Amino acid sequence: MDHRTTTTHEGPAHEGPSHAGPAHEGPGHEGPGNGPASAVRGAPAGAAPLPEVPGVTHRWVKVGDVTLHVAEAGAGDPLVLLHGFPQHWYAWRHLVPDLSREHRLICVDLRGFGWSQAPASGYDTDTRVADVLALLDALGLERVGLIGHEWGAWAGFRLCLRAPERISAYLALNMVHPWPLHRRLAPQAWRYWYTSVLEFPGLGRWVLRRRPGFARFLLRKGYVDRRGWDPAAVAEYLRSGAEPARARAGELLHRAYALRDVPALLRGRDKAARLTVPTVILAGAEDFVLPPGVLAGGERYADDLRVEVVPGAGHYLHEERPDVVVAAARALFGQSRSAK
């Protein structure tokens with residue numbers, strides 16, 4: 001368990017392990033798709049306005065060397081949501097109305113993204129996992145359900161292996177597990193051509209800052225079900241990702257994966273590990289990054305791992321098919337509650 005110094009600030013915080021709803025409320029404001037946004041009380045000086053999702057409140061939590069932004073909604077058993085690239089907490093907006101009826105939702109902006117602090121280092125997976133564990137400690141949460149998308153889902157798998165006692169169940173969206181079969185993954189390596197641009201020193205951050213069409217292209221390829229394409233939300237992701245410190249974070253995230261995680265996968269680092277957290281992977285049948293065929297083989301290393309493929313969907317299931325994600329979450333986390 002991570003025991004780094006943690007401090008909640010900028011508004012009243014939860015005390016202890018209570019599952020009550022979030023306490024830090026700002027004034028009403030509107031964001032992408034809802035009209036003009038406005039600043040939230042307690043936001044860091046100079047921060048961009050936060051988009052509005054009804055029922056969502058915001059706080060900032062000091063976790064070791066970084067301050068993380070957290071968007072919260074609802075009450076009940078806590079459910080932590082970790083976003084992918086190039087998104088932030090707002091990517092979960094379609095899940096909030098349904099899941100907040102049953103859960104206290106904790107939508108984290110991971111270090112470097114959204115409204116969290118963007119330091120010059122710490123974008124490797126182990127540090128990002130340590131951030132989340134320290135956040136749970138700061139919020140007084142002993143055990144939570146977990147949903148992750150893409151890079152957030154990759155960190156989610158590491159979190160489940162590192163601290164399984166903290167996670168009741170895990171729903172991973174559009175991400176491979178830590179035990180892919182090399183013979184299936186290798187022929188798909190061409191799909192990751194874009195990461196060579198993003199991870200290259202200096203070039204990755206320049207592209208994210210100065211050439212927003214590159215990230216827009218990746219997003220557009222990812223949304224197979226066009227009902228998920230929201231021009232205002234996409235514009236917000238691009239705006240946020242083009243901020244200098246966040247563009248640097250995007251580059252460092254991809255480079256850390258290439259330098260640390262890929263070699264570890266090739267060495268079979270986790271062959272001796274076992275996934276004991278009940279886990280469901282939701283995959284898009286037409287995901288341009290991660291075709292479902294590469295997801296075979298993880299069952300040998302897990303107590304309860306299932307893969308479900310969503311027809312006609314791509315890389316952003318939480319926005320393309322939020323109904324499917326909500327249904328899968330209710331089934332999985334309802335099962336974990338009944339198993340207590």
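The written sequence of each chain sets the order in which its residues are numbered from 1. A pLDDT threshold of at least 70 governs which residues receive local features in this predicted model, and a stricter bar of 80 or more applies before side-chain atom pairs are shown or counted, although totals over entire chains, interfaces and linings include all residues. Working from all heavy atoms in the structure, the side-chain values ignore hydrogens and water.

1. What to know about the pattern of salt bridges
Here's step 1: Salt bridges, as used here, are contacts in which a Lys or Arg side-chain nitrogen is within 4 Å of a carboxyl oxygen on Asp or Glu. Applying the stated criterion across every chain, the model contains 22 salt bridges.
Here's step 2: Here Asp65 and Arg111 are joined by a salt bridge, their closest N and O atoms 2.8 Å apart. Taken as a pair, Asp65 in the loop between strand 2 (57-63) and strand 3 (66-73) and Arg111 in the loop between strand 5 (103-108) and helix 2 (125-138) lie far apart in primary sequence, 46 residues in all.
Here's step 3: Buried, partly exposed and exposed residues are distinguished by accessible area as a fraction of the type maximum, computed with a 1.4 Å probe on protein chains only: under 20%, between the cut-offs, and over 50%, respectively. Of the residues examined, Asp65 reaches a relative accessible area of 43% and is grouped as partly exposed.
Here's step 4: Note that Glu251 and Arg205 form a salt bridge whose closest N and O atoms lie 2.8 Å from each other. Placement of Glu251 in helix 9 (residues 244-267) and of Arg205 in helix 6 (residues 203-210) is noted, with a sequence separation of 46 residues between them.
Here's step 5: On the accessibility criterion, Arg205 (28% relative accessible area) is partly exposed. Secondary structure counts use DSSP, requiring at least four H or I residues in a row for a helix and at least two E residues in a row for a strand, with both numbered from the N terminus.

2. Section: the nonpolar core
Here's step 1: Counting 107 residues, the largest nonpolar core has Trp89, Ile147, Leu171, Leu275 and Leu282 as its most contacted members.
Here's step 2: Whether two residues touch is decided by their heavy atoms; if any such pair falls within 4.5 Å, the residues are in contact. In this structure, Leu275 is in contact with Phe157, Cys160, Leu161, Trp179, Tyr301, Ala302, Asp303 and Leu305, ignoring residues within four places of it in sequence. For this analysis, a nonpolar core means a set of buried residues of the types Ala, Val, Leu, Ile, Met, Phe, Trp, Tyr and Cys, connected via side-chain atoms within 4.5 Å.

3. Some details on unusual backbone geometry
Here's step 1: The omega angle of the peptide bond from Phe85 to Pro86 is 0 degrees, so this bond is cis rather than trans.
Here's step 2: Mapping Pro86 onto the fold places it in the loop between strand 4 (77-82) and helix 1 (96-99).
Here's step 3: Located in the positive-phi region is Glu150, a residue other than glycine, with phi close to 50 degrees.
Here's step 4: With respect to the helices, strands and loops of the structure, Glu150 is situated in the loop between strand 6 (144-149) and helix 3 (151-162).
Here's step 5: Even without glycine at this site, Asn174 takes up a positive phi of about 55 degrees.

4. Some details on the packing of aromatic side chains
Here's step 1: Aromatic rings from Phe, Tyr and Trp, with only the six-membered ring used for Trp, were paired whenever their centres fell within 6.5 Å, and each pair was classed as stacked if the ring planes differed by under 30 degrees, edge-to-face if by over 60, and tilted otherwise. Evaluation of the coordinates by the stated rule reveals 12 aromatic pairs.
Here's step 2: Between Phe157 and Tyr170, the ring centres sit 5.1 Å apart and the planes meet at 85 degrees, which makes this aromatic pair edge-to-face. Note that Phe157 is positioned in helix 3 and Tyr170 in strand 7 (residues 167-173), a separation of 13 residues in sequence. Assigned by exposure class, Phe157 and Tyr170 land together as buried.

5. Concerning the pairing of strand 8 (residues 279-284)
Here's step 1: With six of six residues buried, strand 8 lies mostly within the body of the structure.
Here's step 2: A two-sided burial pattern is seen for strand 8, the buried positions comprising Thr279, Ile281 and Ala283 on one face and Val280, Leu282 and Gly284 on the other.
Here's step 3: At least two DSSP bridges between two strands are needed for those strands to be called paired. Relative to strand 8, strand 7 is paired through four bridges, and the arrangement is parallel. Across the sheet, Leu173 pairs through a bridge with Leu282, a residue of strand 8.
Here's step 4: As paired strands, strand 8 and strand 9 (residues 305-310) are joined by six bridges and run parallel to one another. Of the residues in strand 9, the one forming a bridge with Val280 is Arg306.

Taken by themselves, the reported measurements are silent on function.
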